[in-house]
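Below are the chains, spelled out letter by letter.
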Amino acid sequence: MGGLIGARVSRLEDVRLLTGRAQFIDDVRLPGTLEAAILRSPVPHARIRSIDVSAAAALPGVSAVVTGADVKAAVRGPQPVTWRTIPDMFYPRTYALAVDKVTYPGQGVAAVAAKDRAVAEDALELIDVQYEELPVVSTLEQALAEDAPRLFDEWPSNVLGRTAVRKGDAATAFAEADLVLGAEFRFPRQMGTPLETRGVVATWDPFTERLDVWLTTQAPNIAQASFGEVLGLPVGKIRVRTPDLGGGFGNKFDFYGDEVVACVLSRRTGKPVKLIEDRAESFVATVHSREQKVDVEIAARADGTITGMRGTVHGVLGGALGTAGLGPCWVTAASVTGPYDIAALDMNLVGVATNRSPYGSFRGYGLPKSNFVHEHMVELLAKRLGMAAHDVRRKNFIKRFPYQSPVFVFDSGRYDECLELCLAAVRDAGWDRIRQQARSRGAAVGIGYSFQNEVTGLGPSRIQNLAGSAHSGFDEEVVRIDSTGHVTVHTGLSAMGQGIHTALAQVAADTLGVPLDHVTVLSGDTDASPYSGYGTGASRGAPLGGAAVRTAATRLKAKVLRIAGHILEASPDDLVIADGVIAVRGVPGRTVTMAEIGDAAYRRLNGRLPEDETPTLEEREVYDPVNVATAFACTAVLAEVDRETGVVTLLGYLIAHDCGTVINPMIVDGQLHGGAAQAIGGALYEELVYDADGRMRTRTFTDYLLPSATEVPPMAVRHMATPSEHIPGGFKGMGESGVIGGGAAIVAALPEHDLEITSLPITPPRLLAAMRKATSR
Ligand code: MCN
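Note that the structure is a prediction, hence the values are computed from the model and not measured. (Residues numbered from 1 in each chain as written. Predicted model: local features only at pLDDT ≥ 70, side-chain atom pairs only at ≥ 80, totals over all residues.)

### What about the overall build of the protein chain?
Spelled out, the test is: Helix and strand definitions here come from DSSP, where helices need a minimum of 4 consecutive H or I residues and strands a minimum of 2 consecutive E residues; each element is numbered from the N-terminal end. All radius of gyration figures rest on C-alpha atoms, and the globule criterion is 2.2 Å times the number of residues raised to 0.38. To sort residues by burial, count the other C-beta atoms lying within 10 Å of each one's C-beta; a count of 20 or more means buried, 12 or fewer means exposed, and anything in between means partly exposed. C-beta atoms are built from the backbone. We call two residues in contact if the C-beta atoms placed from their backbones are at most 7 Å apart.
Helix and strand counts for the protein chain stand at 22 helices and 28 strands. Relative to a compact globule of 777 residues, whose C-alpha radius of gyration would be 28 Å, the protein chain shows 27 Å and is just as compact. The principal-axis extent of the C-alpha atoms belonging to the protein chain is close to 85 × 75 × 50 Å. Burial statistics for the protein chain: of 777 residues in total, 57% are counted as buried. If you take every contact in the protein chain between residues at least 6 apart in sequence, the share linking residues at least 24 apart comes to 80%.

### Here we look at the environment of Pro-460
Among the structural elements, Pro-460 can be located in the loop between β18 (444-456) and α15 (461-466). When the C-alpha atoms of Pro-460 and Arg-604 are compared, they prove to be 43 Å apart, with 144 residues separating the residues in sequence.

### Let's talk about the packing of helix α11 (residues 367-385) against helix α12 (residues 389-396)
Operational definition: Angular values range over 0 to 180 degrees, each being the angle between N-to-C directions of two axes fitted as lines to C-alpha atoms, with helices fitted over their stretch in contact. Roughly parallel means an angle under 35 degrees; roughly antiparallel, over 145; roughly perpendicular, 65 to 115; everything else is oblique. Helix crossings get a hand from a simple test, with the near helix turned counterclockwise from the far one by less than a right angle marking a left-handed crossing and a clockwise turn marking a right-handed one. Each residue gets one label: Ala, Val, Leu, Ile, Met, Phe, Trp, Tyr, Cys and Pro are nonpolar, Asp, Glu, Lys and Arg are charged, and the others, such as Gly, are polar.
Their axes nearest at 8 Å, the elements α11 and α12 cross at an angle of 115°. By the angle between their axes, α11 is roughly perpendicular relative to α12. You can see that α11 and α12 cross each other, and the crossing is right-handed. The segment α11 lies against α12, with Val-378, Glu-379, Leu-381 and Ala-382 engaging Ala-389, Val-392 and Arg-393. The residue makeup of the contact of α11 with α12, split by class, is 5 nonpolar, no polar and 2 charged.

### Digging into the site of the ligand
As a reminder of what qualifies: Nearness here is judged by the C-beta atom: place it from the backbone, and if it falls within 6 Å of a molecule or strand, the residue counts as near that partner.
If you check the shell around the ligand, you find 37 residues, and the closest are Gly-497, Gly-541, Ala-542, Gly-733 and Gly-735. Those elements that place two or more of their residues in the shell around the ligand are α16 (500-512), α17 (541-568) and α19 (665-685). The element that contributes the greatest number of residues to the shell around the ligand is α19, accounting for 4 residues. Across the shell around the ligand, the residue classes break down as 15 nonpolar, 18 polar and 4 charged.

### Quick word on the sheet that holds strand β12 (residues 273-276)
Strand pairing in a sheet is mediated by backbone hydrogen bonds. Such pairs are either parallel or antiparallel. Short version of the rule: Two strands are counted as paired when DSSP detects at least two bridges linking them.
Reading across the sheet, the 7 strands line up as β3-β5-β1-β12-β9-β10-β11 and stay open at both edges, with mixed pairing between neighbours. Of all strands in the sheet, those with a lone pairing partner are β3 (62-67) and β11 (238-241), marking the two edges. Pairs of neighbouring strands in the sheet enclose a mean axial angle of 20°, with direction left out of account. In this sheet, β11 lies alongside strand β10 (residues 210-215) in parallel orientation, the contact comprising 4 bridges. Residue pairing for β11: Asp-212 is matched across the bridge by Arg-239. Most of the contacts of helix α4 (residues 117-125) go to strand β1 (residues 34-40), to which it runs at about 30°, and overall it touches β1, β3 and β5 (108-114).

### Overview of the environment of Asp-295
For Asp-295, the position within the fold is in strand β13 (residues 292-300). Spatially, the C-alpha atom of Asp-295 lies 25 Å from that of Gly-468, the residues being 173 residues apart in sequence. With residues near it in sequence (within four places) discarded, Asp-295 still touches Glu-184, Gly-311 and Thr-312.

### What to know about the UniProt feature "domain: Aldehyde oxidase/xanthine dehydrogenase a/b hammerhead" (unreviewed entry) in the protein chain
What counts, and what does not: UniProt positions are given in the numbering used here, feature names are shortened, and annotations may be inferred rather than shown by experiment.
Residues given the UniProt feature "domain: Aldehyde oxidase/xanthine dehydrogenase a/b hammerhead" (unreviewed entry) here are residues 19-135. Across residues 19-135 one finds 18% helix and 30% strand; the C-alpha atoms that close the span lie 52 Å apart.

### Remarks on the nonpolar core
Note the cut-off: Each nonpolar core comprises buried Ala, Val, Leu, Ile, Met, Phe, Trp, Tyr and Cys residues, the members being joined through C-beta atoms within 7 Å. Boundary definitions for the domains trace back to an automatic or database domain assignment.
If you look at the biggest cluster of nonpolar residues, it comprises 241 residues, and the most contacted ones within it are Ala-36, Ala-111, Val-112, Val-261 and Ala-508. Residue contributions to this core peak at 12 residues, all from α17. Residue contributions to this core reach at least three from each of two domains, namely domain 1 (397-455 + 628-777) and domain 2 (460-623). Not counting residues within four places of it along the chain, the set of residues in contact with Val-261 comprises Ile-38, Val-71, Ala-96, Leu-97, Gly-108, Ala-111 and Leu-275.

### Concerning the sheet that holds strand β27 (residues 648-658)
Reading across the sheet, the 4 strands line up as β18-β26-β27-β28 and stay open at both edges, with mixed pairing between neighbours. Of all the strands in the sheet, just β18 and β28 (715-720) have a single pairing partner and so form its edges. In this sheet, adjacent strand axes meet at a mean angle of 15° when their direction is disregarded. Examined bridge by bridge, β18 and strand β26 (residues 629-641) share 13 bridges and lie antiparallel to one another. Directly across from Glu-454, in β26, lies its bridge partner Ala-631. Of the strands in this sheet, β27 and β28 are in contact with α19, which crosses β27 at around 135°.

### Regarding unusual backbone geometry
Of the consecutive residues Phe-401 and Pro-402, the connecting peptide bond is found in the cis state with omega at -5°. In this structure, the amide linkage connecting Leu-760 to the following residue, Pro-761, adopts the cis form with an omega of -5°. Assignment of secondary structure puts Pro-761 in the loop between α21 (742-749) and α22 (764-775). Located in the positive-phi region is Glu-209, a residue other than glycine, with phi close to 50°.

### Comments concerning the domain arrangement of the protein chain
By the assigned domains, the protein chain splits into domain 1 (397-455 + 628-777) and domain 2 (460-623). Just the C-alpha atoms count here: the centres of domain 1 and domain 2 sit 38 Å apart. Tallied by class, the residues present in the side of domain 1 that touches domain 2 amount to 8 nonpolar, 6 polar and 2 charged.

### Details of the packing of α16 against α17
Between α16 and α17, the least distance of the axes is 9 Å, while the angle of their chain directions is 30°. Considering the angle they form, α16 stands roughly parallel to α17. The two elements α16 and α17 meet at a crossing, and its hand is right-handed. Where α16 approaches α17, its residues Ile-500, Ala-503, Leu-504, Val-507, Ala-508, Thr-511 and Leu-512 are matched on the opposing element by Gly-541, Ala-542, Gly-545, Gly-546, Val-549, Arg-550, Ala-553, Thr-554, Leu-556 and Lys-557. Here the residues of the contact of α16 with α17 are counted per class, giving 10 nonpolar, 5 polar and 2 charged.

### Quick look at the pairing of strand β14 (residues 306-317)
The two faces of a sheet get side chains in turn, since along a regular strand they alternate between them. Defined as follows: Seen with its strands pointing away from the viewer, a crossover is right-handed if its path from the first strand over the helix to the second goes clockwise.
With respect to burial, β14 is a largely interior element, 11 of its 12 residues being buried. Looking at chain direction, β13 and β14 are connected through 9 bridges and run antiparallel. By the bridge assignment for β14, Asp-295 is matched with Thr-312. Remark: 5 residues form the turn of the hairpin made by β13 and β14, two consecutive strands paired antiparallel; Gly-304 in that turn has positive phi of roughly 100°. Sheet topology note: the β14/strand β15 (residues 344-353) ladder contains 10 bridges and is parallel. The partner of Gly-308 across the bridge, within β15, is Ala-344. One crossover worth recording links β14 to the parallel β15 by way of helix α10 (residues 327-334), and it is right-handed.

### Quick look at helix α18 (residues 594-602)
Definition in use: This arc is built from the directions going out from the helix axis to the C-beta atoms.
Regarding α18, the residues found buried are Met-594, Ile-597, Gly-598, Ala-600 and Ala-601. Buried residues of α18, seen end-on, are gathered within an arc of 165° and therefore sit on one face of the element. Those residues of α18 hidden inside the fold are in contact with β19 (475-481), α17, β24 (591-593) and β25 (617-623).

Listed below in structure tokens is the structure:
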């Protein structure tokens with residue numbers, strides 16, 4: 001390799017982002033643009049008796065008003081559900097705006113396009129909607145009650161689907177167990193909260209009859225296909241452009257009704273229509289995630305071997321399905337055995353509709369929950385058997401790879417070493433001493449751990465399609481050297497802050513032997529970018545994009561060497577490239593530059609390009625991996641609890657991490673820090689709260705608490721690298737790693753609650769109650 005893979009180079013994206021030269025969705029200003037706003041239902045569950053838009057339509061400055069009925073008439077089909085994990089599940093047909101009935105507070109019922117947002121919002125107030133309110137089904141218990149009101153007239157219950165994930169013979173494992181332990185876990189609703197909310201600028205061009213959409217999306221090709229499906233247009237008639245994204249965290253993966261509304265309004269008015277979600281709206285209109293109830297039991301032998309696991313995951317879905325469907329909850333069920341070699345699993349999965357916002361993706365998908373569950377059960381078993389939790393981990397770790405988990409084949413791992421790396425980091429940091437000193441002054445301080453493994457690099461199209469995905473898991477990248485020798489990488493992946501442009505530039509520069517600043521990475525335009533089967537999500541950019549760039553650049557390098565060999569009258573095998581200069585090995589002065597090769601391939605072909613070579617320098621690679629790539633990590637947390645107030649202060653945070661070949665350790669560190677901050681939020685602060693009437697209470701960041709710099713402790717990362725054997729370059733993904741293991745490690749670090757905490761977030765009152773319960777035993 002050429003020395004750039006593994007280098008801590010500064011991110012190429014950052015100069016623009018930090019000097020205010022980025023172009024976010026709200027910066028897209030097309031001549032004649034109208035601004036739109038959506039009227040959202042104030043009630044959770046109701047029939048729409050009537051909508052009168054006449055006063056709104058008559059307001060000066062208003063160009064168009066549409067209702068659900070108008071949208072339904074203007075489109076060919078309902079909103080798509082990308083993941084149909086359970087084929088016979090009920091997938092309600094929902095349109096971009098509610099038709100006849102609303103099933104969650106915040107659901108769009110009408111929309112206005114006006115000369116500016118203020119007029120559009122004024123017009124919303126003039127729309128008269130008559131609701132006939134229906135009994136609210138806001139919680140899992142309400143939804144499952146025998147006499148529960150139903151959300152969907154065409155389906156007999158609020159249980160939309162059931163399935164199970166099974167492996168081995170769980171019944172026998174439990175019958176023969178020395179001991180069986182169980183627990184019930186409750187995980188609240190949470191959501192990703194990128195700095196930038198969602199937005200769209202849609203233009204219907206009547207001359208070319210094409211739709212041109214600027215959209216905050218992580219998956220431009222899926223959005224393009226979804227527009228085609230909903231609007232009944234050939235995909236080639238749709239252009240999706242992605243501006244700079246101010247974060248995504250998974251929730252910009254979904255395809256929302258709002259973008260369809262903007263298209264319908266643009267078609268009606270003949271003008272570009274911009275629709276920018278405001279923060280209060282985003283709390284109801286952007287997908288939520290995480291809410292689950294998980295009941296689990298483990299069967300174990302007296303020596304600490306876990307022989308079986310069984311239970312049920314209830315996914316508390318919303319009043320409409322996000323494009324992820326039940327996906328995140330299925331991942332929790334499928335991954336609940338984590339890094340452990342557990343022979344038998346019988347996990348039921350139930351998807352339940354409630355009058356809450358749609359459920360979708362959030363960084364980590366279902367893994368933070370499955371991790372919390374298996375790590376809690378390990379701690380519980382260790383306590384019951386009087387063993388150290390790490391000994392239970394070591395005893396049960398998967399040791400031989402490839403390993404067939406209940407669903408995936410884990411390609412590689414060195415879990416014991418990763419655990420030792422983490423323990424060594426804790427020793428080096430002197431945490432034991434800090435804990436002892438704290439205890440001697442009476443403070444409640446603890447150290448907690450969790451171990452995770454993580455399927456990344458989604459992912460073989462074969463597996464994805466089998467698992468019910470309407471989209472495939474391949475990725476296409478193009479590497480081009482132009483006539484001046486400059487390299488351009490074209491990618492269909494969206495950059496949303498994770499540094500993918502830098503990573504792909506490093507791979508291309510390293511493979512081709514050119515300096516990093518000779519590479520430009522371009523993305524964000526379906527008319528120009530290659531096709532990314534699944535876009536940015538599931539930590540797939542580095543493994544798939546990296547592999548495709550590496551393969552394409554390797555072929556391109558071979559062509560460069562053939563042309564150089566022709567010019568230098570040397571065998572390509574005798575040539576080396578460094579710093580953009582191709583030289584004959586051992587012959588000083590016989591060189592040709594990449595710029596001269598570019599010139600020979602595009603302009604002065606005559607005599608300089610070998611006769612059997614085609615002009616131009618471009619290679620395209622469509623890469624579909626044969627398997628997923630499993631990253632793994634061990635997290636350690638040092639925490640102090642104020643016994644009087646129940647306030648938790650995190651004093652230290654360490655992650656030992658393996659994502660195969662690391663492209664840029666500095667970015668990986670940053671990704672882990674950011675993910676860990678979200679894990680801290682999920683463990684201690686974040687909860688979307690609905691009141692007894694089913695209305696959303698958390699509509700600002702004073703109610704929905706995010707950790708700030710004060711709550712996020714100093715962090716350190718230790719790297720190890722077990723390269724993926726099947727991915728060219730050996731890269732595994734990790735963009736979600738940081739958020740997965742933090743919750744379990746934080747809870748394990750809190751002293752004196754005696755494993756009483758199985759519900760998140762751990763608010764001070766909850767923690768004090770758990771500590772009181774533990775001491776009263
Ligand atoms: N990387 C590396 N070497 C590896 C793996 C990764 O250097 N072996 C670096 C690369 O710079 C790469 C980054 O880490 O760009 C993340 O790589 P990868 O795990 O492949 O993840 P993706 O590029 O697919 O990014 C998506 C992932 C997900 S799914 C979410 S959600 C997420 C995330 O990453 N949302 C983010 N990171 C985010 N970071 C920011 N700032 N904002 C978000 O919204």
